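Here is what each chain is made of, one letter per residue.
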Amino acid sequence: GGRARAPPRQSERNDPTRHLFVGNLPDTTGEQDLRSHFERWGKVTRVKFLPKANGKTTLAAFIDFDSVDEAIGAKQEEHDVGGNILRLDFNRAPPWGDNRGGGGGGGGG
């Protein structure tokens, strides 16, 4: 009796998407810091920080780009923010769902 061999599984996790998980952020990082850092690669349409884990000194966030190509470009680079090398992964779907529905208004005057 031999062992049954599992068929090779393709890693769905790393299929490129326009959503990036960003880990190892300094805990002083704000949304505007993140936007201005990543907008070199394209239009950042959304930033969402994850709740900070107890005792952790780093943050994690999800970033949406306008296109998959922009996200791929950003992921190919090494990112140093505040002396931390960031960990980037494609994320299949962000925690808020994937609707491109209209963003918030601005306004005021």
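Rules used throughout
- Residues numbered from 1 in each chain as written.
- Predicted model: local features only at pLDDT ≥ 70, side-chain atom pairs only at ≥ 80, totals over all residues.
- Heavy atoms only, no water.
- Helix = DSSP H or I, 4+ residues; strand = E, 2+ residues; numbered from the N terminus.
- Buried < 20%, exposed > 50% of the residue type's maximum accessible area, 1.4 Å probe, protein only.
- Contact = heavy atoms within 4.5 Å.
- Phe/Tyr/Trp six-rings, centres within 6.5 Å; stacked < 30°, edge-to-face > 60°.

Colleague: Can you help me understand the environment of tryptophan 41 in this one?
Modeller: With respect to the helices and strands, tryptophan 41 occurs in the loop between helix H1 (31-38) and strand E2 (44-49). Classification of tryptophan 41 as partly exposed rests on a relative accessible area of 22%. When the C-alpha atoms of tryptophan 41 and phenylalanine 65 are compared, they prove to be 8.8 Å apart, with 24 residues separating the residues in sequence. With residues near it in sequence (within four places) discarded, tryptophan 41 still touches Phe65, Glu70, Gly73, Ala74, Glu77 and His79.

Colleague: What am I meant to see in the packing of aromatic side chains here?
Modeller: Two aromatic rings, taken as a pair, are described by how far apart their centres are and by the angle between their planes. Applying the stated criterion across every chain yields a total of 3 aromatic pairs. Considering the side-chain rings of phenylalanine 21 and phenylalanine 62, the 5.7 Å spacing of their centres and the 65 degrees angle between planes classify their relative orientation as edge-to-face. Here phenylalanine 62 lies in strand E3 (residues 58-65) and phenylalanine 21 lies in strand E1 (residues 19-26), a separation of 41 residues in the sequence. The class of phenylalanine 21 is buried, set by a relative accessible area of 15%. Overall, phenylalanine 62 belongs to the buried group, its relative accessible area being 11%.

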